[in-house]
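Take a look at the letters that make up each chain.
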Amino acid sequence: MLMRNKVKEVLGQLPLAAELDWALRGADGSLAGMNLERMKTTLLPEWVGQAAASPLRQQGGKRVFMFATLNYWIEQGMHTALAAAGQGHQVSFAYLPYSHWQQPVDKFDLRRSELYTREALAPAGELLELVSLLSSGKAALPAELTAAVDQVAVMDTQYTLQLEEVDKSNALYQLRRERNRLAASTALEWLQRERPDVVLLPNGLILEFGAIFQVARYLDISVVSYEFGEQRNRIWLAQDTPVMVQDTNAMWAARHDWPFSEEQRAKVHELFDTRKRAGLFQNFYRQWQNVPSTGVAEARAKLGLDERPVVLLAANVIGDSLTLGRATFSGDMSTWLRRTLAYFADKPEVQFILRVHPGEQGLDGPSVADLVAETLPELPAHMRLVAAADPINTYDLVAAADLGLVYTTTVGMEMAMSGLPVVVVGQTHYHGKGFTLDPANWDEYFALLDGQLAAGEAARPRPEQVDQAWHYAYRFFFDYPQPYPWHLMHFWDNVGDYSLEQLFSAEGQAAYGRSFDYLLGETINWQVEKD
């Protein structure tokens, strides 16, 4: 095995060695994990044919640079690129032939993977410009851009290892920095030369997606990032910000004064009640609780709570993409947790509950429970830890609490909806929307805690603030995501159920045309109600 790897390392340095091997042995869909067989054998030619026959191809469009890497994003991205081409846009589809973001691949296998990916995507060359960034020219990265791209590598490491403190000598960080710099330097050369109207890519925060996002912003080229949340037939879009930031400011500014009808309120109530019951609501596919609500009395009994005030801290998963780079003053979530634990350890007059996020189950990284054990090896009697797998419903804990503390979890919004005062210390989408307490520094934070504990029931939010939380929740869940027929989690089922040909029809354009306009850079008009 060692000799084989040595031979491949040597061959990887030789010009055309991989190409000769490819010519002699042919395609191999398992190369370094690359496997696009499902798309390339039948579906890609079908997609190309439908896009080529689209009656919308003759209408004017934008020059679009779209980027993807990893098997599933390349497949999804190619489908989206052809959807755009079929609507009259001029699309350059750029790719890197990686199947894993955290595993190194030798140069010989990487070059074979590039050949395989190029062959798999070739049918789309009829309608798209195909750009392999592995074979493209490079531009020197200016210092400002290098620093931004290297910060993406930090977040990659945090996300992958589920930690917040990164050792830059770590092999994973070194790998991510190398790959992100490569993506950035090749994208910089292409984008400087071609200057497209818009850059389109998934996520926008981490991996090569984040690196190329930074290049586009450095060049002042409009960039749209997208992701898929927990709702079928919906897509999250963000223009000139990473979509994972979930920036709802423009939407809320446009719609916070819109009427909030009883029908809309009832819809949010039904969603909220379904989440409490650990059920599934309409087009939502994710359950947010392990067990259904059994009532606040049973939760209090399980935890042995008495009549003293209860403070509930609902934690995020460490290193989750919705926490990366989201600190307002604490530096990161772990630092906030440690200082908050130390503060409440000296407050036996209140009962403190830390709810570990149920989403930690099945993950390999360190748990928030580990952080608690490191900070307080002997948990004081007035403090409780509810682990990720504990059969206690978070909403029962909310009902028992007098004060809520959160970083970025959506539970903070639901605390406010429940009439609970909630302190938010991360830059989450509902931060600063008028129904939460948002300290700007450590002094404000601890002064706020002192004041809230002293005020008791008087600290509860006003009825109009609770109503504002319900209104915002409606806008966030039902207005913020845009209609879109193909969800990443259900991609192959969706492309079978709804074709590109249907998208190009008058009915398809009525349903999804505006979403594609936004996806390709037209400024989102939040003053317009969805059809």
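Now for a look at the structure at hand.

Reading the values: rules and limits
Residues numbered from 1 in each chain as written. Predicted model: local features only at pLDDT ≥ 70, side-chain atom pairs only at ≥ 80, totals over all residues. Heavy atoms only, no water. Helix = DSSP H or I, 4+ residues; strand = E, 2+ residues; numbered from the N terminus. Rg over C-alpha atoms; globule rule 2.2 N^0.38 Å. Buried < 20%, exposed > 50% of the residue type's maximum accessible area, 1.4 Å probe, protein only. Contact = heavy atoms within 4.5 Å. Areas by Shrake-Rupley, 256 points an atom, 1.4 Å probe, with all protein chains shown as cover. Lys, Arg positive; Asp, Glu negative; His and termini not counted. Charge placed at Lys NZ, Arg CZ, Asp CG, Glu CD. Expected span 1.5 Å × (residues − 1). Bend = angle between axes of the 7 residues up to and from the residue. Phe/Tyr/Trp six-rings, centres within 6.5 Å; stacked < 30°, edge-to-face > 60°. Pairing = 2+ DSSP bridges. Axes fitted to C-alpha atoms, helices over the stretch in contact; angles between N-to-C directions.

Digging into the overall build of the protein chain
- Counting its secondary structure elements, the protein chain contains 20 helices and twelve strands.
- In terms of overall size, the protein chain behaves like a compact globule, its C-alpha atoms giving a radius of gyration of 25 Å where 531 residues would be expected to give roughly 24 Å.
- For the protein chain, the C-alpha atoms occupy an extent of roughly 75 × 60 × 40 Å along the three principal directions.
- Taking all 531 residues of the protein chain together, the buried fraction comes to 56%.
- For the protein chain, restricting intrachain contacts to residue pairs at least 6 apart in sequence, the fraction spanning at least 24 positions comes to 76%.
- About 21800 Å² of surface is accessible on the protein chain, with carbon and sulfur atoms providing 50% of the total.
- In the protein chain, which carries 46 positive and 66 negative side-chain charges, the distance between the mean positions of the two groups comes to 3 Å.

Looking at helix α3 (residues 37–52)
- Its 16 residues give α3 an end-to-end C-alpha distance of 22 Å, which sits within 8% of 22 Å, the value for a rise of 1.5 Å per residue.
- Along α3, the helix axis deviates most sharply at L43, where the bend reaches about 55°; the proline P45 sits within four residues downstream.
- Looking at the buried side of α3, the elements it contacts are α4 (71–85), α5 (107–121), α18 (491–497) and α19 (500–503).

Points about the packing of aromatic side chains
- Applying the stated criterion across every chain, the model contains 36 aromatic pairs.
- Centre to centre, the rings of W101 and Y159 are 6.1 Å apart; their planes meet at 40°, and the pair counts as tilted. Linking W101 in the loop between β2 (90–96) and α5 with Y159 in helix α6 (residues 143–161), this pair joins segments that are 58 residues apart in sequence.
- A residue is classified by how much of its surface remains accessible, and Y159, at 29% relative accessible area, is partly exposed.

Topic: the sheet that holds strand β10 (residues 403–406)
- The sheet built from five strands is open, its strands ordered β9-β8-β7-β10-β11 with parallel pairing. Either end of the sheet is taken by a strand with one partner, and the two such strands are β9 (383–386) and β11 (422–424). Neighbouring strand axes in the sheet, compared pairwise and without regard to direction, differ in orientation by 20° on average.
- Strand direction decides the pairing type here: strand β7 (residues 310–314) and strand β8 (residues 351–355), joined by five bridges, are parallel. Opposite L312, over in β8, you have I353 as the bridge partner.
- Packed on one face of the sheet, helix α16 (residues 442–455) meets β7, β10 and β11 and runs near 160° to β10.

Comments concerning unusual backbone geometry
- The phi torsion at R195 lies on the positive side, around 45°, for a residue other than glycine.
- The topology assignment puts R195 in the loop between α7 (171–194) and β4 (198–202).
- Overall, the relative accessible area of 39% leaves R195 in the partly exposed class.
- Unlike most non-glycine residues, D240 shows phi in positive territory, near 70°.

Side note on the sheet that holds strand β1 (residues 63–69)
- Judged by pairing direction, the sheet is mixed, and its seven strands sit side by side in the order β3-β2-β1-β4-β5-β6-β12 without closing on themselves. What marks the edges here is a single partner per strand, and that holds for β3 (129–132) and β12 (482–483).
- Note that strand β6 (residues 234–239) and β12 share two bridges and pair antiparallel. What sits directly across from I235, in β12, is Q482.
- Relative to the sheet, helix α8 (residues 207–218) contacts β1, β2, β4 and β5 (222–227), its axis offset from that of β1 by approximately 155°.

Scope: geometric values only; no functional claims are made or implied.
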